[in-house]
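Close look at the chain arrangement
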Amino acid sequence: ASDRALELLHKIKDQYALGADDMCLNTFTYTSVINALAKSGKPAAAEQLLYDMELMFNNGNDEVQPNTIVFNSCIDAWAKSGFLFKANKANSLLTRMEEAVSGGNTSYKPNIITYNAVISAGANSFGNANIKGKAFKIALDAYKKVQLSQDVQPNTYTYAFLFKAIRKLIDSQHRQH
């Protein structure tokens, strides 16, 4: 389904480039395809579309402005992926969002879903002790940001993902010693 969605998006882009004004190329269209890619376990393709959106928006196309929802979809795609460094990927997207907000772009403002997805990416990490240690640090840092935030409040998912990170990433290291 995600391949078909991506193929359709490219057809719409081609028609739009040829001057077909009735083709709807906007944030909603891109978000739908990114969600399909995310659900199909293709986080790199989802992130590439986010990057494409940012380029188009920065080049003056206001119809494809990325937002928190799009970033959350990409972060969640990494969190649910089988990629070894998923926590790093999720955290780098969070960092991009935070930097954009610092620069005045409020449409990228992280919310509790954002932070929960980053914590989840850490909690779902695997690999050697070094990778797990870094993943735990990413999860814990995201949790600390929630704790320090005036705008974001933790919820039951926040704690569930944090406890999972502790159980999977810390407990496994202690059992080995």
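To start, this report covers the structure provided alongside it. (Residues numbered from 1 in each chain as written. Predicted model: local features only at pLDDT ≥ 70, side-chain atom pairs only at ≥ 80, totals over all residues. Heavy atoms only, no water.)

Side note on helix H1 (residues 2–17)
Here H1 is 16 residues long and its end C-alpha atoms lie 22 Å apart, about the 22 Å a rise of 1.5 Å per residue gives. Taken together, the buried positions of H1 are occupied by Ser2, Leu9 and Ile12. Buried positions in H1, seen along its axis, are confined to an arc of 80° and lie on one side of it. Of the surrounding secondary structure, the elements contacted by the buried residues of H1 are helix H2 (27–39) and helix H3 (43–58). In the segment just after H1, Gly19 is the residue with positive phi, at about 100°. (Helix = DSSP H or I, 4+ residues; strand = E, 2+ residues; numbered from the N terminus. Expected span 1.5 Å × (residues − 1). Buried < 20%, exposed > 50% of the residue type's maximum accessible area, 1.4 Å probe, protein only. Arc of directions from axis to C-beta. Contact = heavy atoms within 4.5 Å.)

A few points about the layout of surface pockets
Estimates place the volume of the largest pocket at around 330 Å³. Breaking the lining of the largest pocket down by element, the ones donating at least two residues are H2, helix H4 (68–79), helix H6 (112–123) and helix H8 (156–176). With five residues, H4 is the largest single contributor of residues to the lining of the largest pocket. By residue class, the composition of the lining of the largest pocket is seven nonpolar, seven polar and three charged. (1 Å grid on protein atoms, 1.4 Å probe; cavity = no way out; pocket = protein on both sides within 12 Å on 5 of 7 lines; lining within 4 Å. Points joined across faces, edges and corners; volume = space filled by probe spheres on them. Nonpolar A, V, L, I, M, F, W, Y, C, P; charged D, E, K, R; others polar.)

Description of the packing of aromatic side chains
How two aromatic rings sit relative to each other is set out by the distance from centre to centre and by the angle between their planes. Taken as a whole and judged by the stated rule, the model has five aromatic pairs. Summarising the aromatic geometry, the rings of Phe83 and Phe85 are spaced 6.2 Å apart at their centres and angled 65° between planes, so their arrangement reads as edge-to-face. Of the residues examined, Phe83 reaches a relative accessible area of 33% and is grouped as partly exposed. By way of ring pairs, the aromatic residues Trp78, Phe83 and Phe85 are connected into one cluster. (Phe/Tyr/Trp six-rings, centres within 6.5 Å; stacked < 30°, edge-to-face > 60°.)

The analysis is restricted to geometry; functional conclusions fall outside its scope.
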